[in-house]
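Residue-level structural notes
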Amino acid sequence: MPTDENEMPFKVRISKFRHVFGSPYREQDCYKNIAITRNAHDGSFCAVNSKFLAIVTETSGGGSFLVILLTEVGRVDVDHPRITGHRGPVVDLKFNPFNDNEIASCSDDGTVKVWYIPSEGLKVDTYQWKVDLHGHQRRVDYIEWHPTVQNLILSAGLDHQVVLWNVERAEPIQVYRCHPDAIQSITWNRNGSLFATTCKDKHIRVIEPRTGRIIAKGIAHLGPKTSKVVFLGDTNRLLSTGFGKQFERQISIWNANDLSKPLAVETVDFSAGALIPFYDHDTRTVYLAGKGDGNIRYYEVNDQAEPYLHFLSEYKSSAPQRCLGVMPKIGLDVTRNEIMRFYKLFATGSVCEPISMIVPRKAEAFQLDIYPDTPGPYPALTPDEWISGIDRDPILVSMKDRIEGTNMPKITTYRTLDPTASTPVLPHRGTTQRTNQPPIAEVAPTPKQNLPEQSIPSSMSMEKISMTMPQSQSQPHPQPTSKGLRKIESLKMPATSIEFNNVRDKFQNQISQQQQQQQQQPSQSSLNNNNNQNRRNFEVKKKVWSVDTPEQQQQQQEQQQQQQMYPTNANGHHPPSPQQTNGIDYRQVYLKQQEEIQSLRELMTLKDNRIRILEDELRLLKTPYEHRENELIR
């Protein structure tokens, strides 16, 4: 049958990823018996790198998450150590792209914390953070590490603020207050010179992080539900997911410099779960996973001309997903032609299932066309260099050449010196040698140091109970703190309540004996009688409460006698005599009791601190033995 010469023949689009398929791991290679959180938040409850897998777990109070080695497949122990430092539920997790042993978490308690994970994994529950970042007034919803700069992290909170943190110094660099409502997602571009956000006010904003200036702003999706955005690598394009007016799920492609109108809009379906996009710049593919869905759709992105999106295929599963964790490219298995690996948290169950996206190839050799050079675990800039205005692309590594015995690829691109910058290139930059972490500004609390032990005798001498009286009536005010400390050191308390009662009875008996002796003596003149009674009372009190030597006590008694016989004040006038009843100066007794109460309170504080220190030491000593017993039980 003849054909028209003007008629174009049908053409099939050529693509290397046309037949990509999803392959779930076998049951014995999954992670089971994990109490996955039931939080309805749309954050990342799962994070993974080439060493560890982190999953947010359900707890009755506070917030905790599980960190296990990738090799610990199968049934996870119920008592497996966790990180339990947050006071509220954890809503987002992100591993440091330049340090596999660091992970950041944010929580309902309004803080962002960075934790250190030992290379051999957690052995005990960890509550000591490495860096604690306080700045948000309400819950922190999302966090994102900078893609090229070391120790920079971006956080977005329910207080409508975005904060850029310097983790090395534990301080904020910039606070962005341009959002009138709740922030729903944040994303960096490839070199970290811009970041984009979606907000509940239905706008997408592209922001310059150093100055906080809004580069572009526009309405994205008209539906009231959650919308997400991701940068499409270095193409200056954005991909957003959201809902339309009729609650249909949509995908849109945007020009990052002009958000007034989308370049393309495509309707996916009418499901209710929010679409979470994952973009792989090496293969130019984007994966869409709906919250509560059992399938994963993937598209190939064309940044040259329309159509910008080409649907490839779909991975289907009967088990709904709560969240997906994404393995970095350097952790993939190149022998299986694996281009992406997800870690799926089941929405109904306690299983984490790895899913590999594989390109079917018959050849067993390394496939260079599907594994281009990819960003490696090496920072291209320091925070100071980035703040000064320098931007650099990520340092690329080869997926083929790996260092034996490790998972660290070799570098294929070297970070050159910017001729306009004044900061020199350090000799260890751009090499396989990892840099040492500088000391952070705010570190985790360390166990309390042991205080010198003080012996507390079981008995108490009446002459050494320390609470001294004022030397004269011209000094009514208490002495400085150093004197109070001296009193506390010399204070000897009875060890039991029986000894305390004995001391009290002995003191009361002495008082009664003195009063009986006064009644038996013949009456004298009222003035002499009052002076003698005051002197006797003073002597009894000095015997009980003073810690001075006998010579000092005798001098003080003589001074008191002279002042009682010839009392004068600073102006030379006679002060009014104190009120006395039955020969007892109640004012002096009241002052003594007040000083005694204060000293006892200070002593109780010292004892409480000592008890806390001993409890901490006991807990540290019991931890290794409990771990050994658990291993023996297993």
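Note that the structure is predicted; figures quoted are calculated from it, not measured. (Residues numbered from 1 in each chain as written. Predicted model: local features only at pLDDT ≥ 70, side-chain atom pairs only at ≥ 80, totals over all residues. Heavy atoms only, no water.)

1. Some thoughts on the overall build of the chain
This is how it is decided: Think of it this way: any DSSP run of H or I at least four residues long counts as a helix, any run of E at least two long counts as a strand, and we number them from the N terminus. In what follows, residue pairs with any heavy atoms lying within 4.5 Å of each other are defined as contacts. For the area figures, the Shrake-Rupley method with a 1.4 Å probe applies, and any residue is considered shielded solely by the protein chains shown.
Along the backbone of the chain there are six helices and 33 strands. Put simply, of all contacts in the chain between residues at least 6 apart along the chain, 54% involve residues at least 24 apart. Total accessible area on the chain stands at roughly 34,200 Å², and carbon and sulfur atoms take up 51% of it.

2. Some words on the pairing of strand 10 (residues 111-116)
Along a regular strand, successive side chains alternate from one face of the sheet to the other. Under the convention used in this document: Burial classes: relative accessible area under 20% of the type maximum marks a residue as buried, over 50% as exposed, and values in between as partly exposed (1.4 Å probe, protein chains only). For two strands to count as paired, DSSP must find a minimum of two bridges between them.
Most of strand 10 is tucked away: five of the six residues are buried. The pairing of strand 9 (residues 102-107) with strand 10 spans five bridges and is classified as antiparallel. When the bridges of strand 10 are listed, C106 appears paired with V112. Remark: three residues form the turn of the hairpin made by strand 9 and strand 10, two consecutive strands paired antiparallel; G110 in that turn has positive phi of roughly 80°.

3. A word on the side chain of S398
Under the convention used in this document: Polar contacts, as counted here, are pairs of nitrogen or oxygen atoms within 3.5 Å of one another; within protein the pair requires one atom able to donate a hydrogen and one able to accept it, and residues that are adjacent in sequence qualify only if both atoms are side-chain atoms.
By the secondary structure assignment, S398 is in strand 32 (residues 396-402). With a relative accessible area of 10%, S398 lands in the buried category. Within the structure, the side chain of S398 is placed 3.2 Å from the backbone nitrogen of K400, a separation counted as a polar contact.

4. Some thoughts on the nonpolar core
Short version of the rule: By nonpolar core is meant a set of buried Ala, Val, Leu, Ile, Met, Phe, Trp, Tyr and Cys residues that side-chain atoms within 4.5 Å join together.
With 34 residues, the main nonpolar core has L53, F65 and Y343 as its most contacted residues. Discounting chain neighbours no more than four positions away, the residues touching L53 are Y31, C46, A47, V48, L66, V67, I68, L70, Y343 and C352. If you look at the next biggest cluster of nonpolar residues, it comprises 20 residues, including F17, V20, L312 and V334.

5. Re the state of the cysteines
The test is simple: Criterion for a disulfide: a pair of cysteine sulfur atoms at a distance within 2.5 Å.
This model, assessed by the stated rule, comprises zero disulfides. Free of any disulfide, C30 has its nearest neighbouring cysteine sulfur in C352, separated by 7.8 Å.

6. As for the confidence of the model for the chain
Heads up, the rule is: One confidence number per residue, pLDDT, is output by the predictor and ranges from 0 to 100.
Mean pLDDT over the chain works out to 77, with 70% of the residues at or above the 70 mark. Taken as a whole, residues 522-527 scores under 50 in pLDDT and shows one contact with residues more than four places along the chain or in a different chain. Note on residues 532-549: pLDDT under 50 across the span, and 52 contacts to partners over four residues away in sequence or across chains.

7. Concerning the sheet that holds strand 24 (residues 275-280)
The condition that has to hold: Under this scheme, a helix contributes an axis fitted over its contacting stretch, all axes are lines through C-alpha atoms, and angles between N-to-C directions fall in the 0 to 180 degree range.
Here we have four strands laid out as an open sheet, ordered 24-25-26-27, and antiparallel in their pairing. Edge positions in the sheet fall to strand 24 and strand 27 (309-315), since each has one partner strand and no second. For this sheet the average axis-to-axis angle between neighbouring strands, irrespective of direction, equals 25°.

8. A few points about the environment of P379
Position of P379 among the secondary structure elements: in the loop between strand 31 (374-375) and helix 1 (383-387). Under the relative-accessibility criterion, P379 is labelled buried at 12%.

9. What about the environment of V78?
Here V78 lies in the loop between strand 6 (74-75) and strand 7 (82-86). By relative accessible area, which is 53% here, V78 ends up exposed.

10. Comments concerning the side chain of D293
By the secondary structure assignment, D293 is in the loop between strand 25 (285-290) and strand 26 (296-301). By relative accessible area, D293 is classed as buried at 12%. A polar contact of 2.8 Å, which involves the side chain of D293, links it to the side chain of R249. If sequence neighbours within four positions are ignored, D293 has contacts with R249, S271, A319, P320 and Q321.

11. Quick look at the pattern of salt bridges
Side-chain pairing between opposite charges can occur once the charged atoms of the two side chains come close. Selection criterion: What counts as a salt bridge is simple: a side-chain nitrogen of Lys or Arg found within 4 Å of a carboxyl oxygen of Asp or Glu.
Applying the stated criterion to the full structure yields 23 salt bridges. Across the pair K94 and E144 runs a salt bridge whose closest N-O atoms are separated by 3.9 Å. Here K94 is found in strand 8 (residues 90-95), whereas its partner E144 is found in strand 12 (residues 140-145), with 50 residues between them in sequence. Accessibility expressed as a relative area gives 18% for K94, which makes it buried. Overall, E144 belongs to the partly exposed group, its relative accessible area being 23%.

12. Focus: the packing of aromatic side chains
Note the threshold: Pairing of aromatic rings covers Phe, Tyr and Trp, the last through its six-membered ring, and needs centres within 6.5 Å; plane angles under 30 degrees mean stacked, over 60 mean edge-to-face, and all others mean tilted. By definition, being over a ring means that NZ of Lys or CZ of Arg is both within 6 Å of the ring centre and within 35 degrees of the ring normal.
Tallying each qualifying case throughout the model produces nine aromatic pairs. Ring geometry for F65 against W115: centres 6.3 Å apart, planes inclined by 75°, an arrangement best described as edge-to-face. Here the residue F65 occupies a position in strand 5 (residues 63-69), and W115 occupies one in strand 10, the gap between them amounting to 50 residues. On the accessibility criterion, F65 (0% relative accessible area) is buried. Through a chain of ring-to-ring contacts, the aromatic side chains of F278, Y287, Y298 and F342 assemble into a single cluster. Across the ring face of W386, the terminal group of R210 is positioned such that the distance to the ring centre comes to 4.5 Å. We note K225 situated over the ring of F243; from NZ or CZ to the ring centre the distance is 5.2 Å.

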